[in-house]
Amino acid sequence: MKANFNWKPKERGIYMKKQKRLLIVLLACIFIASLLLTGCGPSEDPADADPSGEGTGEVTKGGTAVVALYAVCYTYDPQKTTSYGDWSINNHIYDTLVTLDFDGQTIVPSLATDWTVSEDGMTYTFNLRDDVKFHSGKAMTAADVKYTFERWMDPDTASPTKEYIVNIASVEAPDDYTFVIHMAKPDNNILLRCASTCAGILNQESVEAGGESYGTSVVDGTGPFRFKEYIQDDRTILE
């Protein structure tokens, strides 16, 4: 038998349309079937998970979580980087004066319990928590907050995010748990800047002791995770 494929253009077009329709229907059926199979599969409540495999139904705390990042990490000095990889780690190491609530818009307390703004918008006064320690064990005070902002503003730091605080004229720490920002001109975004990752509060003693190694081998914050090890292009370990 000899097949004849010398179709006219119109006939070939009709055939191709039918084939495309058939393919679309077939793919749709496969997709629906996969959804049904997934929905019918067994589900497991994390609260019932038993990592030990002994069937006790108890959750074992601790262990190691391995997280892959799609950005390279360079330094965990929050004032010297704009890398997504660095920021994603620094968010776990450092705390800021204020932070954003879960809606991503509302500014809420963090290291500062509350704050006031002068009527002219030129002075911000923060009352700080008195129960915070750096990972090294040193108590955090307003002196560390003052040092953090002055270092951030210092041209010698060459911070790529210095523009965040370009409207700040000066800062002061009148006592251990009060921090004051004096503005050069009003800036409605300054609280938002104080909530950014690059505003992580530093331990002056650790930064000065670490020198050029601060951010890679010496890192000290007040956040939920403590820095343990950094190997460039390989891994970062927090605990």
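A few points on the structure. Since the structure is predicted, the reported quantities are computational estimates derived from the model, not experimental observations.

What to know about the pairing of strand S7 (residues 227-231)
Line of reasoning, step 1. Where S7 and strand S8 (residues 235-238) come together, four bridges link them in antiparallel fashion. The residue of S8 that forms the bridge with Glu 229 is Ile 237.
Line of reasoning, step 2. As consecutive antiparallel partners, S7 and S8 are separated by three residues, and within that stretch Asp 233 has a phi angle of approximately 60°, a positive value.

Considerations on the pattern of salt bridges
Line of reasoning, step 1. The full count for this structure, using the stated rule, is eight salt bridges.
Line of reasoning, step 2. Here Asp 144 makes a salt bridge to Lys 138, at a shortest N to O gap of 2.6 Å.
Line of reasoning, step 3. The class for Asp 144 is buried, based on a relative accessible area of 3%.
Line of reasoning, step 4. Between Arg 235 and Glu 229 there is a salt bridge whose closest N-O contact spans 3.8 Å.
Line of reasoning, step 5. Residue classification places Glu 229 among the partly exposed positions, given a relative accessible area of 28%.
Line of reasoning, step 6. Taken together, the shared-partner salt bridges connect Arg 226, Lys 228 and Glu 239 into one network.

The rules behind each value
- Residues numbered from 1 in each chain as written.
- Predicted model: local features only at pLDDT ≥ 70, side-chain atom pairs only at ≥ 80, totals over all residues.
- Heavy atoms only, no water.
- Pairing = 2+ DSSP bridges.
- Helix = DSSP H or I, 4+ residues; strand = E, 2+ residues; numbered from the N terminus.
- Salt bridge = Lys/Arg side-chain N within 4 Å of Asp/Glu carboxyl O.
- Buried < 20%, exposed > 50% of the residue type's maximum accessible area, 1.4 Å probe, protein only.

Honestly, that's just the spatial picture; any functional story needs more than this.
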